[in-house]
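# Architecture and fold: a report
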Amino acid sequence: MYLYFETKQEIFEAVARDTIERTIDAAASMLDDHDGPFATLFESVIDRIYSQIVTGDAVAILRALLAEGREQADVVAFYHREIFSKGEATVRRLIAYGIERGDLSPNAAALDPRAIMSPIMFAAMWDLVFGQVDPLDIDGFKRDHVALVLHGILANSRAASLP
């Protein structure tokens, strides 16, 4: 590996770009190509992210961040700057799309994208830590995640009128 990369950080960055950034780019492309209801798009994006990040190879990046994040400030800074911020921007675009279509409450623009995406991180961490003793039903959890978000921010939901 050191034939192509000089440091562990360069390896991490390459793997993060090839797995998680590629997943974020695919979600952004889905948004660019979609011309229909927000709910359909959101469910497709979430399905893609779960399949790549929670149950796919990208979970190795999360494992590395959890294991070495405190000692590897440069790795964490890279991930936040180059990967996380791109994912956050994609979620903001996704929300804006739903608002523009009238599918989401205008209040959804004020939501923190981390609140929408945190179930993905939880599912990945749960599987890493407790998967052997208390496996998570990933498909059921994903379905609940989508339902929780959609019923919480759809324009016609009761929650849409909350501050």
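The grouping of Leu-66, Met-121 and Met-125 at the surface amounts to a nonpolar patch, some 250 Å² of accessible area in total. Take Met-121: it is sitting in helix H5 (residues 113–130).

Glancing now at the packing of aromatic side chains. By the definition in use, this model includes five aromatic pairs. Between Phe-122 and Trp-126 the ring centres are 5.6 Å apart and the planes differ by 35 degrees, which places this aromatic pair in the tilted class. In this pair, Phe-122 and Trp-126 are both assigned in helix H5, four residues apart and thus about one turn of the helix distant. The exposure class assigned to Trp-126 is partly exposed, which follows from its relative accessible area of 21%.

So, about the nonpolar core. By size, the foremost hydrophobic cluster in this structure holds 39 residues, and its most contacted members are Phe-12, Ile-20, Phe-42, Tyr-79 and Ile-120. When residues of this core are traced back to their parent elements, those giving at least two are helix H1 (8–33), helix H2 (38–54), helix H3 (59–68), helix H4 (73–101), H5 and helix H6 (138–153). Top contributing element to this core by residue count: H2, with nine residues. Leaving out residues up to four positions away in the same chain, Ile-20 has contacts with Val-15, Ile-53, Ala-58, Ile-61, Tyr-79 and Ile-83.

What follows covers the packing of H2 against H4. It is at 10 Å that the axes of H2 and H4 come closest, and there the two elements cross at 165 degrees. Our classification of the angle between H2 and H4 gives roughly antiparallel. Crossing geometry of H2 relative to H4 is assigned as left-handed. Together, Phe-38, Leu-41 and Phe-42 of H2 and Leu-94, Tyr-97, Gly-98 and Arg-101 of H4 make up the contact between the two elements. In the contact of H2 with H4, the residues fall into five nonpolar, one polar and one charged.

Time to look at the packing of H2 against H5. Two numbers describe how H2 lies on H5: the axes approach to 10 Å, and their chain directions differ by 30 degrees. Judged on the interaxial angle alone, H5 and H2 are roughly parallel. Seen from above, H2 lies across H5 with right-handed handedness. Residue-level inspection shows Phe-42, Ile-46, Ile-49, Tyr-50, Ile-53 and Val-54 of H2 in contact with H5, the latter providing Ile-116, Met-117, Pro-119, Ile-120, Ala-123 and Ala-124.

So, on to H4. Residues spaced three or four apart along an α-helix point in a common direction, a consequence of the helix completing one turn every 3.6 residues. An ideal rise of 1.5 Å per residue puts 42 Å on 29 residues; H4 measures up with 40 Å between its terminal C-alpha atoms. Where H4 bends most, the angle comes to about 35 degrees, and this point is His-80. Every buried residue of H4 is listed here: Val-75, Phe-78, Tyr-79, Ile-83, Gly-87, Thr-90, Val-91, Leu-94, Ile-95, Tyr-97 and Gly-98. Along its buried surface, H4 packs onto H1, H2, H3 and H5.

Oppositely charged side chains may form a pair once their charged atoms are brought near each other. Under the counting rule described, the total for this entry stands at 12 salt bridges. Note that Glu-21 is salt-bridged to Lys-86, the shortest N-O span being 3.1 Å. Taken together, the positions of Glu-21 in helix H1 and Lys-86 in helix H4 put the pair 65 residues apart, joining distant regions of the chain. For Glu-21, a relative accessible area of 12% gives the class buried.

Rules used throughout
Residues numbered from 1 in each chain as written. Predicted model: local features only at pLDDT ≥ 70, side-chain atom pairs only at ≥ 80, totals over all residues. Heavy atoms only, no water. Patch = residues over 30% accessible without salt bridge, like charges linked within 9 Å, V, L, I, M, F, W, Y side chains within 5 Å. Areas by Shrake-Rupley, 256 points an atom, 1.4 Å probe, with all protein chains shown as cover. Salt bridge = Lys/Arg side-chain N within 4 Å of Asp/Glu carboxyl O. Helix = DSSP H or I, 4+ residues; strand = E, 2+ residues; numbered from the N terminus. Phe/Tyr/Trp six-rings, centres within 6.5 Å; stacked < 30°, edge-to-face > 60°. Buried < 20%, exposed > 50% of the residue type's maximum accessible area, 1.4 Å probe, protein only. Core = buried A, V, L, I, M, F, W, Y, C linked by side-chain atoms within 4.5 Å. Contact = heavy atoms within 4.5 Å. Axes fitted to C-alpha atoms, helices over the stretch in contact; angles between N-to-C directions. Parallel < 35°, antiparallel > 145°, perpendicular 65-115°, else oblique. Left-handed = near helix turned anticlockwise from the far one by under 90°. Nonpolar A, V, L, I, M, F, W, Y, C, P; charged D, E, K, R; others polar. Expected span 1.5 Å × (residues − 1). Bend = angle between axes of the 7 residues up to and from the residue.

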